[in-house]
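# Chain and residue survey
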Amino acid sequence: TTQVPAAPGTRTLLRHPMSWVAMVLAVGSAAAIVVFFLFPYYVNDLNQFPLDEVAGGMHDPKDLWPFSDEGLMGSVFSLGAFLTLLFGPALAALAVGCAGFDLWRSRGTHDGRRTTLGVLTLALSAVTWAWIVSPQGQALFSWMLD
């Protein structure tokens with residue numbers, strides 16, 4: 001049998017898919033929080049108000065742009081915020097589990113790219129979780145639940 005060599009870099013990139021799956025989960029959860037929580041918070045200048053006021057429901061998200069847009073954008077942001085509220089923290093935790101398992105499984109292989117990707121995934125997930133449990137994160141999650 002003859003083997004056809006893969007394109008340069010392809011084999012290296014796809015050799016450890018769990019590493020990439022974990023990174024995609026971490027980036028996806030962080031990006032969803034930025035787009036569906038932080039972006040509307042700052043665009044509507046809610047950072048001018050105390051977090052207790054924001055979390056208390058004085059500024060209902062459905063009355064603020066982009067959620068108030070009656071077109072596609074309002075629907076996308078409403079659905080995106082709801083899904084982020086439900087799955088964002090779980091995806092960040094799942095990314096930690098996948099990256100941790102992948103790092104454990106690859107111990108002793110001296111695969112620098114895989115280790116770097118795993119450590120970056122763990123760091124991004126840790127930052128995401130630090131924000132979620134921060135006062136601002138808790139206030140914005142309460143704001144969206146209102």
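Data block above holds the structure.
In this text, all values refer to a predicted model and were calculated from it rather than measured experimentally.

Moving on: helix 5 (residues 112–133). Counted at 1.5 Å a residue, the expected span for helix 5 with its 22 residues is 32 Å, and the 31 Å between its end C-alpha atoms agrees. Inspection of helix 5 places R114, L117, G118, T121, S125, T128, W131 and I132 among the buried residues, and these make up the whole buried set. Across the axial projection of helix 5, the buried residues extend over an arc of 155°, all falling on one side. Along helix 5, the residues that are exposed and aim more than 90 degrees away from the buried face are V127 and V133. For helix 5, the secondary structure elements touched by its buried residues are helix 2 (17–43), helix 4 (72–105) and helix 6 (135–145).

To continue, consider the nonpolar core. Across soluble globular proteins, you tend to see nonpolar side chains buried next to one another. Among the nonpolar cores identified, the biggest contains 19 residues, and F37, W131, L140, W143 and M144 are the most heavily contacted of them. If you list the elements that add at least two residues to this core, you get helix 2, helix 4, helix 5 and helix 6. The element that contributes the greatest number of residues to this core is helix 2, accounting for 6 residues. In this view, F37 contacts A32, A81, T84, L85, W131, L140, F141, W143 and M144; residues no more than four positions away in its chain are not counted. Counting 6 residues, the second largest nonpolar core, distinct from the first, contains A22, A26, A95 and A99.

Looking at the largest pocket, its volume works out to about 170 Å³. In terms of lining residues, the largest pocket is bounded by D60, P61, K62, F67, S78, A81, F82, L85, M144 and D146. Here the lining of the largest pocket takes 4 residues from helix 4, the largest share from any one element. Counted by class, the lining of the largest pocket contains 6 nonpolar, 1 polar and 3 charged residues.

Attention now goes to the packing of aromatic side chains. In total, this model carries 9 aromatic pairs according to the counting rule given. Measuring from centroid to centroid gives 6.0 Å for F67 and F77, while their planes differ by 90°, and the two rings are edge-to-face. One end of the pair, F67, is in the loop between helix 3 (51–55) and helix 4; the other, F77, is in helix 4, and 10 residues separate them in sequence. Classification of F67 as buried rests on a relative accessible area of 9%. Over the ring of W104 we find R107; its NZ or CZ atom is 4.3 Å from the centre of that ring.

A separate point is the environment of S68. Assignment of secondary structure puts S68 in the loop between helix 3 and helix 4. Relative accessible area serves as the criterion here: at 33%, S68 is assigned to the partly exposed category. Once the C-alpha coordinates of S68 and S78 are considered, the two residues, 10 residues apart in sequence, prove to be 9.0 Å apart. Look past the residues within four positions of S68 in its chain and what remains in contact with it is K62 and D63.

On to a nonpolar patch on the surface. Among the surface-exposed residues, L79, F82, L83, L86, F87, L91 and L94 lie close enough to one another that they form a single nonpolar patch of about 640 Å² accessible area. Within the element layout of this structure, F87 appears in helix 4. Classification of F87 by relative accessible area gives partly exposed; the value is 46%.

About the cut-offs
- Residues numbered from 1 in each chain as written.
- Predicted model: local features only at pLDDT ≥ 70, side-chain atom pairs only at ≥ 80, totals over all residues.
- Heavy atoms only, no water.
- Helix = DSSP H or I, 4+ residues; strand = E, 2+ residues; numbered from the N terminus.
- Expected span 1.5 Å × (residues − 1).
- Buried < 20%, exposed > 50% of the residue type's maximum accessible area, 1.4 Å probe, protein only.
- Arc of directions from axis to C-beta.
- Contact = heavy atoms within 4.5 Å.
- Core = buried A, V, L, I, M, F, W, Y, C linked by side-chain atoms within 4.5 Å.
- 1 Å grid on protein atoms, 1.4 Å probe; cavity = no way out; pocket = protein on both sides within 12 Å on 5 of 7 lines; lining within 4 Å.
- Points joined across faces, edges and corners; volume = space filled by probe spheres on them.
- Nonpolar A, V, L, I, M, F, W, Y, C, P; charged D, E, K, R; others polar.
- Phe/Tyr/Trp six-rings, centres within 6.5 Å; stacked < 30°, edge-to-face > 60°.
- Lys NZ or Arg CZ within 6 Å of the ring centre and 35° of its normal.
- Patch = residues over 30% accessible without salt bridge, like charges linked within 9 Å, V, L, I, M, F, W, Y side chains within 5 Å.
- Areas by Shrake-Rupley, 256 points an atom, 1.4 Å probe, with all protein chains shown as cover.
- Salt bridge = Lys/Arg side-chain N within 4 Å of Asp/Glu carboxyl O.

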